[in-house]
Amino acid sequence: MSFEKAKDLLRLADMAVARHRGVSLREIEEAFGVTRRTAQRMTQALHEAFPHSVRVIEDPDRTRRWVLKPSRLSALSLNGADELEALEVALARLDDPADLRQRQALAGLRERLLAAIPSASARRAEADAEALLEAYGMAARPGPVARIEAGIVDAISKALRGPYRLRVRYTGTQRLLEPYGILLGARRYLVARQPDKDDRLRHFRLDRIEEATATDDWFARDEGFCLAEHAARAFGSYHDDGQYGEVIWRFAPDAAARAASWQFHPGQTARMLEDGRLEVRFHAGGWLEMAWHLYQWGDSVEVVAPEALARLVHPARRGDFDALP
């Protein structure tokens, strides 16, 4: 058995223990992205690996379900619905293909936590967590997202863990990259060096990567690199060193309280002016993403600096929005 198949079998065992009515073939197909025939082979492997612990039950609709007797799969336990709720909220947020690896890891942790508590408590915790999830409105994340293939994300994840060089086809061109991290925002960017050009850190939009393969070629990362510090040089995920500089915004008195509740940048400072306006200052680049955000504030915001951002924002300001961000 290959290492990957062994991991899938252990994950299936977790599911068969944690789900107190077991797991069906359809659920296996959905969880692992496999065909019905492969799902059947996985249940057979489960029987072979746990010959004295697996039993098959049938639902009233004659759906067969595989159940694994509880075992000490984890020393962890739940105090109630709080821990499960936190996991459910995190899983609901990780619904983008780019989040696949993190979602699978959290889903595995969720299964192990449920397996560690009695059936009645687990069912109650699941019901409570589901109700809280719906109350928080976390069951869906609205808004447009750029599609990213799961296989590309998986290759990037493997390369980052190495770290290994990453071979990609980007907008039709083959490139060999040294990946350093991913920036999240309106668009997602891979931060990487392209050693055949220079040592400069570059940014590659994930939705424009057409193919990606993690090589076995290890490289030495710059130990002084900090992704958080690098990210702070931009307002969003787009970086332009030519735009980096001081940014000053002033929010009108009727918008000051709302603006004070926002963190526009991790390095920002804010102060109330004598006339009731709120002044926010920070250093960053990425004027276009700033303009996208500031448009929502209508005529309640004034861009003091930089002048180029003011020229981009001020002509588009309007005063007929029904609400502030």
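Let me begin by describing the structure that accompanies this report.

So, how was this worked out
- Residues numbered from 1 in each chain as written.
- Predicted model: local features only at pLDDT ≥ 70, side-chain atom pairs only at ≥ 80, totals over all residues.
- Heavy atoms only, no water.
- Helix = DSSP H or I, 4+ residues; strand = E, 2+ residues; numbered from the N terminus.
- Buried < 20%, exposed > 50% of the residue type's maximum accessible area, 1.4 Å probe, protein only.
- Contact = heavy atoms within 4.5 Å.
- Areas by Shrake-Rupley, 256 points an atom, 1.4 Å probe, with all protein chains shown as cover.
- Salt bridge = Lys/Arg side-chain N within 4 Å of Asp/Glu carboxyl O.
- Core = buried A, V, L, I, M, F, W, Y, C linked by side-chain atoms within 4.5 Å.
- Pairing = 2+ DSSP bridges.
- Phe/Tyr/Trp six-rings, centres within 6.5 Å; stacked < 30°, edge-to-face > 60°.
- Axes fitted to C-alpha atoms, helices over the stretch in contact; angles between N-to-C directions.

**Let's talk about the overall build of the protein chain**
- When helices and strands are tallied, the protein chain shows eleven helices and twelve strands.
- The burial tally for the protein chain puts 40% of its 325 residues in the buried class.
- In the protein chain, the proportion of contacts linking residues at least 24 apart, taken out of those at least 6 apart, comes to 58%.
- Summed over all atoms, the accessible surface of the protein chain reaches about 18600 Å², with 49% contributed by carbon and sulfur.

**Description of the pattern of salt bridges**
- Counted under the stated rule, the structure contains 22 salt bridges.
- One salt bridge connects R26 with E30, and the closest N-O pair in it is separated by 2.9 Å. Of this pair, R26 and E30 are both found in helix α2 (residues 25-32), four residues apart, which corresponds to roughly one turn of the helix.
- Across the salt bridge formed by R318 and D320, the nearest N and O atoms sit 2.7 Å from each other.
- Under the relative-accessibility criterion, D320 is labelled partly exposed at 46%.
- Here the salt bridges share partners, and the residues they tie into one network are E246, R250, R271, E279 and R281.

**Let's talk about the nonpolar core**
- Of all hydrophobic cores here, the largest spans 21 residues; its most connected members are W249, F251, F264, F282 and L309.
- Looking at this core, the elements that each hand over two or more residues are β9 (245-251), α9 (253-260), β11 (278-284), α10 (287-295), β12 (301-305) and α11 (307-313).
- Among the elements that make up this core, the one with the highest residue count is β11 (four residues).
- Not counting residues up to four positions away in its chain, the partners in contact with L309 are V247, W249, W287, M290, A291, L294 and V303.

**Observations regarding the pairing of strand β4 (residues 164-170)**
- Where β4 lies against strand β8 (residues 209-218), six bridges are found, and the strand directions are antiparallel. In the strand pairing of β8, R169 is matched with E211.
- Pairing of β4 with strand β5 (residues 173-183) involves five bridges; the strand directions are antiparallel. If you follow R167 over to β5, its bridge partner there is L176.
- Adjacent in sequence and paired antiparallel, β4 and β5 are bridged by two residues, among which T171 carries a positive phi angle near 45 degrees.

**Here's the deal with unusual backbone geometry**
- The peptide bond linking G162 to P163 adopts the cis configuration, its omega dihedral lying at -10 degrees.
- Omega for the peptide link from A305 to P306 comes to 0 degrees, which places this bond in the cis form.
- Structurally, P306 is set in the loop between β12 and α11.
- Phi is positive for R62, close to 70 degrees, though the residue is something other than glycine.
- Residue class for R62 comes out exposed when judged on its relative accessible area of 64%.

**Digging into the packing of aromatic side chains**
- Applying the stated criterion across every chain, the model contains 15 aromatic pairs.
- For the ring pair Y189 and Y238, a centre distance of 6.5 Å and an interplane angle of 55 degrees mean the geometry is tilted. Placement of Y189 in strand β6 (residues 189-193) and of Y238 in the loop between α8 (227-231) and β9 is noted, with a sequence separation of 49 residues between them.
- On the accessibility criterion, Y238 (39% relative accessible area) is partly exposed.

**Regarding the sheet that holds β9**
- Ordered in space as β10-β11-β9-β12, the four strands form an open sheet in which the pairing is antiparallel. Where the open sheet ends on each side, the last strands, each with one partner, are β10 (269-272) and β12. Across the sheet, the axes of successive neighbouring strands diverge by a mean angle of 20 degrees, strand direction being ignored.
- Alignment of β9 against β12, held across four bridges, turns out to be antiparallel.

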